[in-house]
Amino acid sequence: MWAQKEFEISAKKRGFHLITDEIVRAIPELRLVDCGLLHLFIKHTSASLTINENADPTVRQDLESHFNKFVPEKASYYRHDYEGDDDMPAHIKNCLLGCSVSMPITNGALNLGIWQGIYLCEHRNQGGHRSIVATIQGLSRMRTDE
Amino acid sequence: MWAQKEFEISAKKRGFHLITDEIVRAIPELRLVDCGLLHLFIKHTSASLTINENADPTVRQDLESHFNKFVPEKASYYRHDYEGDDDMPAHIKNCLLGCSVSMPITNGALNLGIWQGIYLCEHRNQGGHRSIVATIQGLSRMRTDE
Amino acid sequence: MWAQKEFEISAKKRGFHLITDEIVRAIPELRLVDCGLLHLFIKHTSASLTINENADPTVRQDLESHFNKFVPEKASYYRHDYEGDDDMPAHIKNCLLGCSVSMPITNGALNLGIWQGIYLCEHRNQGGHRSIVATIQGLSRMRTDE
């Protein structure tokens, strides 16, 4: 079976945000898949998707701190600054973290590690809502291919 | 349907290059897919694939500047330098940026954000042409599975 | 055809390790696939999967040195340090390198470049064994879809 849908994630403040529940709610089709893959794709160049710890919120804070230090604003070599000091760093962070994640689906649920969650990384100060395309594929639990 | 093909991207100078059009021309099979995924894989350890802004060329220049600064040449801790000062930095950049990208196909076209394009990142001073494997899978628009 | 299996990679010391052979041995189903994709997913937030050079071991040593320098221990801005100095750096490295890799399967084998191999990157001092989910999909060589 294949299922694909595009939906919006509500605007988040700059930083790393756990969105596993928001994602799972958006794609109830997950429950129909016995064995497959979920592919998530964010249609933006200044916000990213990644997977990391789903428990302690200080992990997300430390990730934001680290990326701000190692992808600084106002670097002397930036030429692209039309939209402000957070513009070019957002593009670099997006390349480092990536615009897609994919993960196994097993027995009707995401097969993540016990400590893993899906993150939306908002790199802009005012990012607005973000569009995500979810693509689900796999063997149907009912064996009735769509 | 499944389609897989291997093709070469012409030699590019060191830096970040927008190759969306080159990719789309190489895989006309895209038009046959109603709902699916494109997977691109570069068969090299010193050139990368990523997705970022498709408009202002200064984004690509700033990315090259940033990665050159944060993955420096001649770092004192490099032991692998057989092929010159650009050798080990190229491997590190490849790990940071990745050797594959995947993205949704919807209604016969890549379903990218309006500002997104596919980049080939050439990390060597003299990289030569680069081999890419494109794998397309999805539901056929004609519903005639290959 | 689809095949999915979960298996453990034996404990490795901190650093970058070539595991291509271990992976291929774990999934003999590869040989059945004419044209497809292999997706590998590590169910942890402090060990990563990536692809890089399969020959000279100094590449792996230099990668470890580089990531240790640019994702330092004891950074003043870390708040998450419950499990020691290697705790938060491990999460950051995991975000930078990623928890999944995917690659083409062609004619019953991984279609990697001649110099490419699969790495397990162990970011913890005492990481223990690591769980990986392998998902194989593609056209069967026998054309008998599972």
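What counts and how
- Residues numbered from 1 in each chain as written.
- Chains lettered and ligands numbered in written order.
- Predicted model: local features only at pLDDT ≥ 70, side-chain atom pairs only at ≥ 80, totals over all residues.
- Heavy atoms only, no water.
- Contact = heavy atoms within 4.5 Å.
- Buried area = accessible area lost by both parts, 1.4 Å probe.
- Salt bridge = Lys/Arg side-chain N within 4 Å of Asp/Glu carboxyl O.
- Polar contact = N/O pair within 3.5 Å; in protein donor to acceptor, adjacent residues only side chain to side chain.
- Helix = DSSP H or I, 4+ residues; strand = E, 2+ residues; numbered from the N terminus.
- Nonpolar A, V, L, I, M, F, W, Y, C, P; charged D, E, K, R; others polar.
- Buried < 20%, exposed > 50% of the residue type's maximum accessible area, 1.4 Å probe, protein only.
- Least-squares fit on C-alpha atoms with pLDDT ≥ 70 in both.
- Axes fitted to C-alpha atoms, helices over the stretch in contact; angles between N-to-C directions.
- Parallel < 35°, antiparallel > 145°, perpendicular 65-115°, else oblique.
- Left-handed = near helix turned anticlockwise from the far one by under 90°.

Looking at this structure, I do not really get the interface of chain B and chain C. What am I missing?
A common measure of how large an interface is: the accessible area buried when the components associate. Listed as interface residues are 28 residues of chain B and, on the opposing side, 33 residues of chain C. A buried area of about 2600 Å², summed over both sides, lies between chain B and chain C, and 61% of it is on carbon and sulfur atoms. In this structure, the connection of chain B to chain C is made through zero salt bridges. Put simply, chain B and chain C have 17 residue pairs in polar contact (both at pLDDT 80 or more) between them. Every element with two or more residues in the side of chain B that touches chain C is listed here: strand E1 (2–9), strand E3 (33–42), helix H3 (87–97) and strand E8 (130–140) of chain B. Looking at the side of chain B that touches chain C element by element, the count peaks at six residues for H3(B). Classifying every residue of the side of chain B that touches chain C gives 15 nonpolar, ten polar and three charged.

Could you clarify how one ought to interpret the pattern of salt bridges in this entry?
Should their charged atoms come close, side chains of opposite charge can pair. All names here are of chain A. One pass over the structure, following the stated rule, counts 30 salt bridges over all chains. Asp-85 is paired through a salt bridge with Lys-74; the nearest N and O atoms lie 3.6 Å apart. Residue Asp-85 is found in the loop between helix H2 (57–70) and helix H3 (87–97), and its partner Lys-74 is found in the loop between H2 and H3; the two are separated by eleven residues along the sequence. On the basis of relative accessibility, which here comes to 38%, the residue Asp-85 falls in the partly exposed class.

Would you take a moment to explain the relation of the copies chain B and chain A for this structure?
Comparison of the two chain copies shows a relationship of rotation about an axis with a shift along it. Superposing chain B onto chain A takes a rotation of 120 degrees combined with a translation of 0.0 Å along the rotation axis, leaving an RMSD of 0.0 Å. Within this description, the copies of the chain are treated as partners about a three-fold rotation axis. No C-alpha of chain B approaches the rotation axis more nearly than that of Leu96(B), which lies at 3.5 Å. Of the residues that chain B buries at the interface, just 9% are likewise interface residues in chain A, meaning the two copies contact each other through different surfaces.

How should I be thinking about the side chain of Ser102(C) in this particular structure?
When you line up the elements, Ser102(C) lands in strand E5 (residues 100–106). For Ser102(C), a relative accessible area of 14% gives the class buried. Of the polar contacts made by the side chain of Ser102(C), one reaches the side chain of His39(B); its length is 2.8 Å. Residues within four places of Ser102(C) in sequence aside, it is in contact with His39(B), Phe41(B), Ser100(B), Leu38(C) and His39(C).

What exactly am I supposed to notice about the side chain of Lys12(C) here?
Residue and element names in this part refer to chain C. Positionally, Lys-12 belongs in the loop between strand E1 (2–9) and strand E2 (15–18). A polar contact is formed between the side chain of Lys-12 and the side chain of Ser-10, at a distance of 3.1 Å. Side-chain polar atoms of Lys-12 contact the side chain of Glu-22, separated by 3.0 Å. If near-sequence neighbours (up to four positions away) are discounted, Lys-12 is found in contact with His-17, Ile-19, Glu-22, Leu-120, Glu-122 and Gly-128.

Which parts of the structure should I look at to understand unusual backbone geometry?
Note on backbone geometry: most residues besides glycine have negative phi, and most peptide bonds are trans. All names here are of chain B. Even without being a glycine, Lys-74 presents a positive backbone phi close to 60 degrees. Taking relative accessible area as the criterion, Lys-74 reaches 63% and is therefore assigned exposed. Even without being a glycine, Asn-107 presents a positive backbone phi close to 55 degrees. Here Asn-107 shows up in the loop between strand E5 (100–106) and strand E6 (109–110).

Would you explain the packing of H3(A) against helix H2 (residues 57–70) of chain B in this entry?
A pair of packed helices is captured by two measures, namely the crossing angle of their axes and the spacing between those axes. Two elements in contact, H3(A) and H2(B), have axes whose closest approach is 10 Å; the angle formed by their N-to-C orientations is 70 degrees. Considering the angle they form, H3(A) stands roughly perpendicular to H2(B). The element H3(A) and its partner H2(B) pack so that their crossing is right-handed. Packed against H3(A), whose contacting residues are Met88(A), His91(A), Ile92(A), Cys95(A) and Leu96(A), the element H2(B) presents Val59(B), Asp62(B), Leu63(B), His66(B) and Phe67(B) at the interface.

When you look at the interface of chain B and chain A in this model, what are you seeing that I'm missing?
With 33 residues of chain B at the contact, the number on the chain A side is 28 residues. Contact with chain A buries area across many residues of chain B, yet Asp62(B), His66(B) and Gln116(B) alone supply 20% of it, more than any other trio. In this structure, the connection of chain B to chain A is made through zero salt bridges. Breaking the side of chain B that touches chain A down by element, the ones donating at least two residues are E3, strand E4 (47–53), H2, H3, E5 and E8 of chain B. Of all the elements, H2(B) adds the most residues to the side of chain B that touches chain A, at ten residues. Partitioned by chemical class, the residues of the side of chain B that touches chain A number 15 nonpolar, 14 polar and four charged.

I would appreciate a short explanation of the environment of Arg79(C) in the present structure.
Following the sequence through the fold, Arg79(C) ends up in the loop between helix H2 (57–70) and helix H3 (87–97). Measuring from C-alpha to C-alpha, the distance between Arg79(C) and Ile132(C) comes to 29 Å, with 53 residues separating the pair along the chain. A polar side-chain atom of Arg79(C) sits 2.7 Å from a polar atom in the side chain of Gln61(A).

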